[in-house]
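Structural description and commentary
Chain by chain, the residues:
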Amino acid sequence: RSRVTDVAYSLPWQLGVCGGAMLDTIAMLLIVAEVLPAWCTPVHEAISLAVLVLFTVDIALRLIAEGPSFFSDRWNIFDLALVLLSVAANAYVAFGGGSQATKQAPVIMRAFRAIRAVILAYRTIERLEQGARSRRGPPVQHRA
């Protein structure tokens, strides 16, 4: 369990998850704004699926690392619900379910994943600041 915790909360892993979320968000915004040509849509779909797999692994690692205390943080619950709904929406569409309207469900979930990207960025920056403070040590008191 300690090794999983080390990986789940390591800076490289957190930066990778945050970077994947940002990449997915930027790609989604470019597609919605119709800035990219149509041939980029499959590339974005591949990126989105890879990010969803990354998010799923991240949630699994944090669940293992934190155990039941995982559910005491509302953002963890938000992350878990978002990932589960995204997996369900993508699976439903992939297996041919639903009308054209329900095929938009993964797109809607990507918008919520953009919110997750902001939360991840905030948490990562917070973690970097804490690390910088701990390396500097306590403030030095100068005598006058």
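Everything in this summary refers to the structure shown in the same document.

Considering helix α2 (residues 11-32)
Between its first and last C-alpha, α2 extends 31 Å over 22 residues, near the 32 Å set by a 1.5 Å rise per residue. Of all the positions in α2, only Trp13, Gln14, Val17, Cys18, Gly20, Ala21, Asp24, Thr25, Ala27 and Met28 are classed as buried. Positive backbone phi, at 55°, marks Glu34, one or two positions downstream of α2.

A short note on the pattern of salt bridges
Pairs can form between side chains of opposite charge whenever their charged atoms are close. Across all of its chains, the model carries two salt bridges by this definition. The salt bridge partner of Asp58 is Arg62, with a shortest N-O separation of 3.3 Å. With Asp58 and Arg62 both in helix α3 (residues 40-66) and four residues apart, this pair spans about one turn of that helix. Note that Asp79 and Arg62 form a salt bridge whose closest N and O atoms lie 2.9 Å from each other. Here Arg62 lies in helix α3 and Asp79 lies in helix α4 (residues 74-94), a separation of 17 residues in the sequence. Each of Asp58, Arg62 and Asp79 takes part in salt bridges that share partners, so that together they form one network.

Remarks on the nonpolar core
In this structure, Val17, Ala21, Phe55, Ile59 and Leu120 are the most contacted members of the largest nonpolar core, which totals 15 residues. Ignoring any residue separated from it by four or fewer positions in sequence, one finds Leu120 in contact with Gln14, Val17, Cys18, Ala21 and Phe55.

Looking at the packing of α2 against α3
When two helices pack together, their arrangement is given by the angle between their axes and by how far apart the axes lie. Taken N-terminus to C-terminus, the directions of α2 and α3 make an angle of 150°; their axes are 9 Å apart at the nearest point. Looking at the two axes, α2 sits roughly antiparallel to α3. Seen along the crossing, α2 lies across α3 with a hand that is left-handed. On α3, the residues touching Trp13, Gln14, Gly16, Val17, Gly20, Ala21, Leu23, Asp24, Ala27, Met28 and Ile31 of α2 are Cys40, Thr41, His44, Ile47, Ser48, Val51, Leu54, Phe55, Val57, Asp58 and Leu61.

Things to note about the environment of Ala117
For Ala117, the position within the fold is in helix α5 (residues 105-136). Given the relative accessible area of 1%, Ala117 is considered buried. Sequence separation between Ala117 and Thr25 is 92 residues; the distance between their C-alpha atoms is 7.6 Å. If we skip the residues at most four places from it in the chain, Ala117 touches Cys18, Ala21, Met22 and Thr25.

Calculation notes
- Residues numbered from 1 in each chain as written.
- Predicted model: local features only at pLDDT ≥ 70, side-chain atom pairs only at ≥ 80, totals over all residues.
- Heavy atoms only, no water.
- Helix = DSSP H or I, 4+ residues; strand = E, 2+ residues; numbered from the N terminus.
- Expected span 1.5 Å × (residues − 1).
- Buried < 20%, exposed > 50% of the residue type's maximum accessible area, 1.4 Å probe, protein only.
- Salt bridge = Lys/Arg side-chain N within 4 Å of Asp/Glu carboxyl O.
- Core = buried A, V, L, I, M, F, W, Y, C linked by side-chain atoms within 4.5 Å.
- Contact = heavy atoms within 4.5 Å.
- Axes fitted to C-alpha atoms, helices over the stretch in contact; angles between N-to-C directions.
- Parallel < 35°, antiparallel > 145°, perpendicular 65-115°, else oblique.
- Left-handed = near helix turned anticlockwise from the far one by under 90°.

As far as function goes, none of this settles anything; it's purely spatial.
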